[in-house]
Structure formats: structure tokens, C-alpha cells
Amino acid sequence: MAKTIAQEFKKGLWDEIPPFRLVLGLCPTLAVTTSAENGIGMGLATTFVLVCSNMLVSVLRGIIPSKIRVPCFIIIIATFVIMVELLMQAFTYGLFLNLGIFIPLIVVNCIVLGRAEAFASKNKFLPSLADGLGIGVGYTLSLGVLGSIRESLGSGTIFGNAVFGPNFQPFEFMVQAPGAFMALGLLLCIMNILGKK
Amino acid sequence: MGDFTVLIISSIFINNIILAQYLGACPFVGTSKKMETAVGMAGAVVFVLTMAGMITWIINTYFLVQLNIEFLRTIAFIMVIASLVQFVEMFLKKSIPALYAGLGIFLPLITTNCAVMGVCLLNVQDELTFLQAIITSAAYAVGFGVALVLFAGVRERINLGRVPSPLRDTSIGLVTAGMLAMAFIGFRGMV
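About the cut-offs
Residues numbered from 1 in each chain as written. Chains lettered and ligands numbered in written order. Predicted model: local features only at pLDDT ≥ 70, side-chain atom pairs only at ≥ 80, totals over all residues. Heavy atoms only, no water. Helix = DSSP H or I, 4+ residues; strand = E, 2+ residues; numbered from the N terminus. Rg over C-alpha atoms; globule rule 2.2 N^0.38 Å. Buried < 20%, exposed > 50% of the residue type's maximum accessible area, 1.4 Å probe, protein only. Contact = heavy atoms within 4.5 Å. Areas by Shrake-Rupley, 256 points an atom, 1.4 Å probe, with all protein chains shown as cover. Lys, Arg positive; Asp, Glu negative; His and termini not counted. Charge placed at Lys NZ, Arg CZ, Asp CG, Glu CD. Buried area = accessible area lost by both parts, 1.4 Å probe. Salt bridge = Lys/Arg side-chain N within 4 Å of Asp/Glu carboxyl O. Polar contact = N/O pair within 3.5 Å; in protein donor to acceptor, adjacent residues only side chain to side chain. Core = buried A, V, L, I, M, F, W, Y, C linked by side-chain atoms within 4.5 Å. Axes fitted to C-alpha atoms, helices over the stretch in contact; angles between N-to-C directions. Parallel < 35°, antiparallel > 145°, perpendicular 65-115°, else oblique. Left-handed = near helix turned anticlockwise from the far one by under 90°. Patch = residues over 30% accessible without salt bridge, like charges linked within 9 Å, V, L, I, M, F, W, Y side chains within 5 Å. Nonpolar A, V, L, I, M, F, W, Y, C, P; charged D, E, K, R; others polar. Phe/Tyr/Trp six-rings, centres within 6.5 Å; stacked < 30°, edge-to-face > 60°.

## Regarding the overall build of chain A
Item 1. Per the secondary structure count, chain A includes eight helices and two strands.
Item 2. In chain A, the succession of helices and strands from N to C terminus is α-α-α-α-α-α-α-β-β-α.
Item 3. What you see for chain A is a C-alpha radius of gyration of 18 Å, in line with the 16 Å of a compact globule of 197 residues.
Item 4. On the principal axes, the C-alpha backbone points of chain A span a range of 60 × 45 × 30 Å.
Item 5. Burial status across chain A gives 52% buried among its 197 residues.
Item 6. A separation threshold of at least 6 residues defines the contact pool for chain A, and within that pool the share at least 24 residues apart is 73%.
Item 7. Of the accessible surface of chain A, which amounts to about 8,700 Å², a share of 69% is contributed by carbon and sulfur atoms.
Item 8. Here chain A contributes 13 positive and 9 negative side-chain charges, whose respective centroids are spaced 13 Å apart.

Okay, here's the thing in C-alpha cells:
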């Protein structure tokens, strides 16, 4: 039993790591990864929603009628998103301003609804918790990596610390929209090469 | 009237919903493999987004703000969009079956299209008037359609070419989208 829970957690870190293996949740991936800090902040907020909604959906899976399950899942998710929104507004106001409308948009992040539908509505409490946590941590890692790449090339910093010395000319392209698409596409290509081995 | 022209052009091209604001990227990548599905999705989004922009504006102004419960905005908007999509689906099935057959499978997908929810939230955030909100929503939706159809055309061509295997499919798609986004940056000089 303990082994399977560990497996559910681990698959989110490589086998099904979003947004690379599961091509879902692209909008926040592209939008907020202009810096490593924003990326990780977004990842943690999504993880919180993902874990809580997975737990609640798996607890209620016997009660929710299957015909109206999607609206029910959406209400559960929206509730947790509002909680995250209010918590971030209270405790991490700078991050709240940086992420802007992408915090309420966690509600339409297909990863969260996708996990509720594909996993939590069919599995017990603990595996669902592990699944949510695994996918969430994987997503946070991906956003952190993408954010670090774009921040280091685009503004010459990581977490606000200069990395390339004073003569570095920021490659501004990377923090704009085209850079976001290309960085993600190339990272996906690297993942494909590594995954082939 | 001139203001509205500027609003329309900037919403379609300069602040293009996908290529400049990063909203709706999932359907952008997911439904752009074939031209037919791209056109279907674009049509469905134009239809739903315009109506959603209108209805969420009314709900926000006359209900959430009046009752001082703006913190419920996320849940209210998503319920409006979900039920609107359901309603549009039933309405089209009954009265315009031809259109329903064309858009059919794309309609349920729109509920989780962040472009719809995103535009509704942006309208509120920018404090637009009712008319501005309708026009902006429609223009953003058209911008989504334009980008999606263009992208699908490019992708269909790419599939005929010889792409290195690790880059195939989504990966080359995203790089192409990056180039398309670069082209759209060129519109910035227009206004």
C-alpha cells in the first residue's frame, strides 16, 4: 500500500510531469514564468488547489452523481481558488500583484480539473492526495526551471541575483511572449531526447 | 467612434489574446492540428466569448458589486460560463442543427478555455463600460480565431515536412507559435 502511494507521488515528477508529459495548463506556464520566483509561486498556488480539490473530490466521489460531476468538481475547485486568492492577497501581496488574473484563472487550469476527473474521482483518499501532491510538485519544478531559464537569459538574474556579471546584455526576447513559446518548445524537445534513453 | 476602432484593432492584433496575453494556449495547441477543427473552435469561441463577456459584465455590475460580494467573482463567473456553454449547446442542438454539428464537440471544451474566463476578468479589471466590454470581448474572440486559424495553416504544412523526431508535434508547434508571436509584435507600431 505504502509503495503504491509513493509511486503515485513519483509519477508526477517524471513520467507524467506537467506541462511536458501532460500537455495541460499551458497558459500559466507561458504567462508567469518571466521570473523564477513568479513561476514557483504560481506552482505552489496550483499545488495547493490541486491537493485540496483531489482530496475533497475523492472523499465525495460516492456522493456526487456522475451526470453532474463536472459542475460539482468546478465548484469545489473554484472554492479552493478563492481561498488561495484571499490568502495570497493577505500574505504575499507582491506575488499577488505579479500573478494578477492568473490566480483566479487556476480555476480553468485543465490540470486541476483533469486530475479530479481522471484520478481523484476513481481512487481512494490517500492515493488521490499523493497524486495531487506529485503532479503539483512536478508542475512547480517545471515552472521553476522555465522561469529560471527565461529570467537568467532575459534579465540576467535568478531570484533577483545577477548571474552573468555586469557586461551582460539582457536578451529581452526571452521575457516576452515569443520567448515563452520558444523556451517551452525547446525544453519539450530536450525532455523528448532525455526520455528516449 | 474612433475610440472603438482603436479598441478593436488593439484587441485583435496588438494585445492578441493568445500571442501577447498567453490566454487560451491549451486549445491553441490542442485543436490546431487540422484546419477544420481550428475553424470549428474559432467559431465556437467567438460565439461563447461575446455572450460571456456581456453576461458576466451584467452580473458583476448589478449583482456582485451591489451586494458587496466581489470576492465570489471567480466562482460566479465560472458558473455563468459553464451554464452558458451548456445552454448554447442545447439551444443550437434544437434550433440550428447545422451549426451544432459543426461546433458540437468544441462547445464543452470552452468551459475550461482560459481565454473566456480571462477576458471576462480583464473586462472587470479594466473597468470597461457595457458597450466597450461587448466590443472588446468580440474583438478578443476574433483575435483568438485569427491566430488559431493562421497557426493551424502553418502546422498543416509543417506536418508534411521532415521534422527531427524529438521536435515533432507539440514541440515544433510551440516554436512555430513563438515565431507567430514575433510577427504579431510587429503590429505594435500600428496604434
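So that's the structure; there's more coming.
## Some thoughts on the interface of chain B and chain A
Item 1. With 39 residues of chain B at the interface, the matching set in chain A holds 40 residues.
Item 2. Roughly 3,200 Å² is buried in total at the junction of chain B and chain A, and carbon and sulfur atoms are behind 83% of that figure.
Item 3. The tally of links from chain B across to chain A stands at zero salt bridges.
Item 4. For the pair chain B and chain A, the number of links is five residue pairs in polar contact (both at pLDDT 80 or more).

## Here we look at the nonpolar core
Across soluble globular proteins, nonpolar side chains have a tendency to be buried as a group.
Item 1. If you look at the biggest cluster of nonpolar residues, it comprises 106 residues, and the most contacted ones within it are A:Leu105, A:Phe181, B:Leu19, B:Phe28, B:Ile110 and B:Met117.
Item 2. Once residues within four sequence positions are removed from consideration, B:Ile110 is found in contact with B:Met41, B:Ala44, B:Val45, B:Val48, B:Val85 and B:Val116.

## Observations concerning the environment of A:Leu50
All names here are of chain A.
Item 1. As for its position among the elements, Leu-50 is in helix H3 (residues 36-59).
Item 2. When the C-alpha positions of Leu-50 and Asn-161 are compared, they lie 31 Å apart, and in sequence the two are 111 residues distant.
Item 3. Not counting residues within four places of it along the chain, the set of residues in contact with Leu-50 comprises Ile-111, Val-112, Arg-115, Gly-132, Ile-135 and Gly-136.

## A look at the environment of B:Ile9
Residue and element names in this part refer to chain B.
Item 1. Checked against the element boundaries, Ile-9 lands in helix H1 (residues 2-14).
Item 2. Look at Ile-9 and you get partly exposed, because its relative accessible area is 29%.
Item 3. Sequence separation of Ile-9 and Tyr-140 is 131 residues, and the distance between their C-alpha atoms is 9.5 Å.

## Here's the deal with the packing of helix H8 (residues 130-160) of chain B against helix H9 (residues 170-185) of chain B
Residues and elements named next belong to chain B.
Item 1. Interhelical geometry of H8 versus H9 gives an angle of 130° and a closest axis separation of 10 Å. When the axes of H8 and H9 are compared, the pair comes out oblique. Seen from above, H8 lies across H9 with right-handed handedness. Mapping the contact onto sequence places Val-146, Ala-147, Leu-150, Phe-151, Val-154, Arg-155 and Ile-158 in H8 and Thr-170, Ile-172, Gly-173, Thr-176, Ala-177, Leu-180 and Phe-184 in H9.

## Re a nonpolar patch on the surface
All names here are of chain B.
Item 1. Taken together, the side chains of Phe-47, Phe-87, Met-90, Phe-91, Ile-96 and Leu-99 define a hydrophobic patch exposed on the protein surface, amounting to about 550 Å² of accessible area.
Item 2. Take the nonpolar patch: its biggest share by element is three residues, from helix H4 (residues 73-95).
Item 3. Its place among the elements puts Phe-87 in helix H4.

## Overview of the side chain of A:Thr29
Residue and element names in this part refer to chain A.
Item 1. Along the chain, Thr-29 turns up in helix H2 (residues 26-31).
Item 2. Looking at Thr-29, its side chain comes within polar contact range of the side chain of Tyr-139, at 3.3 Å.
Item 3. Residues in contact with Thr-29, not counting those within four places in the same chain, are Pro-19, Tyr-139, Leu-143, Leu-146 and Leu-184.

## With respect to the packing of helix H4 (residues 69-91) of chain A against H4(B)
Each pair of packed helices gets described by two things: the angle between the helix axes and the distance between those axes.
Item 1. Two elements in contact, H4(A) and H4(B), have axes whose closest approach is 8 Å; the angle formed by their N-to-C orientations is 150°. Classified by the interaxial angle, the pair formed by H4(A) and H4(B) is roughly antiparallel. Seen along the crossing, H4(A) lies across H4(B) with a hand that is right-handed. On the side of H4(A), the interface is formed by A:Ile74, A:Ile75, A:Ala78, A:Thr79, A:Val81, A:Ile82 and A:Glu85, while H4(B) contributes B:Thr74, B:Ile75, B:Ile78 and B:Met79.
Item 2. Within the contact of H4(A) with H4(B), the residues separate by chemical class into eight nonpolar, two polar and one charged.

## Considerations on the packing of aromatic side chains
All names here are of chain B.
Item 1. Enumeration according to the criterion identifies 10 aromatic pairs over all chains in this entry.
Item 2. Seen from their ring centres, Phe-28 and Phe-151 are 4.3 Å apart, and the 20° between their planes marks the pair as stacked. Placement of the pair is Phe-28 in helix H2 (residues 25-30) and Phe-151 in helix H8, with a sequence separation of 123 residues. Residue Phe-28 shares its accessibility class with Phe-151, and that shared class is buried.
Item 3. Measuring from ring centre to ring centre gives 6.4 Å for Phe-87 and Phe-91, while their planes differ by 20°; the resulting arrangement is stacked. One end of the pair, Phe-87, and the other, Phe-91, are both in helix H4, four residues apart, so they sit about a helical turn from each other.

## Digging into the pattern of salt bridges
Oppositely charged side chains can pair when the atoms bearing their charge come close.
Residue and element names in this part refer to chain A.
Item 1. Counted according to the given criterion, the structure contains four salt bridges over all chains.
Item 2. Lys-11 is the salt-bridge partner of Glu-8, the closest N and O atoms lying 2.6 Å from each other. Of the two residues, Glu-8 and Lys-11 both sit in helix H1 (residues 2-11), three residues apart, roughly one turn of that helix.
Item 3. For Lys-11, a relative accessible area of 12% corresponds to the buried category.
Item 4. Asp-131 is the partner of Lys-11 in a salt bridge, and the nearest nitrogen-oxygen pair spans 2.8 Å. Separated by 120 residues along the polypeptide, Lys-11 in helix H1 and Asp-131 in helix H7 (residues 125-155) bring together distant segments of the chain. Judged on exposure class, the residue Lys-11 and its partner Asp-131 are both buried.
Item 5. One continuous salt-bridge network, built from bridges that share partners, spans Glu-8, Lys-11, Arg-115 and Asp-131.

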